[in-house]
Amino acid sequence: MSSLGSTAGSTAGSTAHVDFGAERVTAAEKTRRVGGVFDAVAGRYDLMNDLMSFGCHRLLKRAAVEMARLRPGKRVLDLAGGTGDVSALAARRVGERNGSSAGHVVLADINRSMMRVGRNQLLDRGCVNVVFAQADAAALPFADGAFDAVLVAFGVRNFTNKEAGLAEMHRVLATGGVAVVLEFSQVVNPLLAYGFAALKRTWPTLGQAVVGDAAPYRYLVESIDHHPDQEAFRQMMCDAGFKAVEVHNLVAGAAAIHRGLK
Ligand code: SAM
């Protein structure tokens, strides 16, 4: 696995309290517990995503990558990239075509277990223009303006310090660059909200059956319920300095894409 450096765990020293699902814990404790969640699920992460969403997560990631409007030659950061679905889609779009120079994707994630699975999958898919960096979103080891696009899929919810992560995304983007955040959000239709809540209640049982552990999926459900809604997160992106922030609801708001410019 190529590595561009490591800042993993850089928020672990803070004593501020943050959400870990339904609990309030110290920042250090959240970093530790989120690490435990993804260590536990890494080997079956993709299978569980397919089962929980009936494969729908793949369409949502495709929509997010489309919204970044990537072109050959662009430099992309897939932050909290995990097992690499978004990197694979982005790598194809920025790769060499008709004589244009090849771009590249950096998959950055705090968790080595997730990146190990991602590295193997991207090798299998023949993605040669993806490099890996173990890094905390709150302290990215990249220069100011190093990327034309930053994408985060289902990652922000897990950041120990969301504001710091958004500020770092803004810092590493070049002027005119685009940030795309795909995340669970609030279902806008009450009937569908009831259905989505019922679906979520099955996930810990499924996690117990497939991964042998329900706890990571209880955290998943709680973290979705505690994530800021569409408007609150739009405001957080504006506060981090992003301009022209748009919100696009997907599956009636069960997920949303926030797209902003630097
Ligand atoms: N983007 C991938 C996808 O959509 O399949 C993975 C999403 S997974 C739900 C969340 C990822 O966020 C995990 O791989 C986890 O290690 C990573 N993560 C959590 N906290 C992080 C942080 N502070 N900095 C960087 N990555 C983090």
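Residues numbered from 1 in each chain as written. Predicted model: local features only at pLDDT ≥ 70, side-chain atom pairs only at ≥ 80, totals over all residues. Heavy atoms only, no water.

Asks: Could you give an account of the pattern of salt bridges, with specific residues and numbers?
Replies: Counted under the stated rule, the structure contains 14 salt bridges. Among the salt bridges present, the one from Arg125 reaches Asp85, with a minimum N-O distance of 3.2 Å. Of this pair, Arg125 sits in the loop between helix 5 (112–124) and strand 6 (130–134) while Asp85 sits in helix 4 (residues 85–94), and the two are 40 residues apart along the sequence. By relative accessible area, which is 8% here, Asp85 ends up buried. (Salt bridge = Lys/Arg side-chain N within 4 Å of Asp/Glu carboxyl O. Helix = DSSP H or I, 4+ residues; strand = E, 2+ residues; numbered from the N terminus. Buried < 20%, exposed > 50% of the residue type's maximum accessible area, 1.4 Å probe, protein only.)

Asks: Explain a positive patch on the surface residue by residue, including any values.
Replies: Taken together, Arg69, Arg71, Lys74 and Arg97 make up a surface patch of like positive charges. One can find Lys74 in the loop between helix 3 (56–67) and strand 4 (75–79). (Patch = residues over 30% accessible without salt bridge, like charges linked within 9 Å, V, L, I, M, F, W, Y side chains within 5 Å. Areas by Shrake-Rupley, 256 points an atom, 1.4 Å probe, with all protein chains shown as cover. Lys, Arg positive; Asp, Glu negative; His and termini not counted. Charge placed at Lys NZ, Arg CZ, Asp CG, Glu CD.)

Asks: Break down unusual backbone geometry for me, with residues and values.
Replies: Glycine aside, residues mostly have negative phi, and peptide bonds are mostly found in the trans state. Of note in the backbone geometry, Ala244 takes a positive phi value of approximately 50° without being a glycine. With respect to the helices and strands, the residue Ala244 is situated in strand 9 (residues 243–250).

Asks: So what about helix 6 (residues 162–172)? Which residues, and what values?
Replies: Of the residues making up helix 6, those classed as buried are Lys162, Gly165, Leu166, Glu168, Met169, His170 and Val172. Packed against the buried residues of helix 6 are helix 1 (27–41), strand 4, strand 7 (147–153), strand 8 (173–184) and helix 9 (230–239). In this structure Asn161 caps helix 6, since a side-chain oxygen of it lies 3.2 Å from the backbone nitrogen of Glu163. (Contact = heavy atoms within 4.5 Å. Polar contact = N/O pair within 3.5 Å; in protein donor to acceptor, adjacent residues only side chain to side chain.)

Asks: Go over the confidence of the model for the protein with me, naming the residues and quoting the values.
Replies: The pLDDT averaged across the protein works out to 93; a share of 93% of its residues lies at or above 70. Here residues 1–12 scores under 50 on pLDDT; set against residues more than four positions off or in separate chains, the count is 37 contacts. (pLDDT = per-residue confidence, 0-100.)

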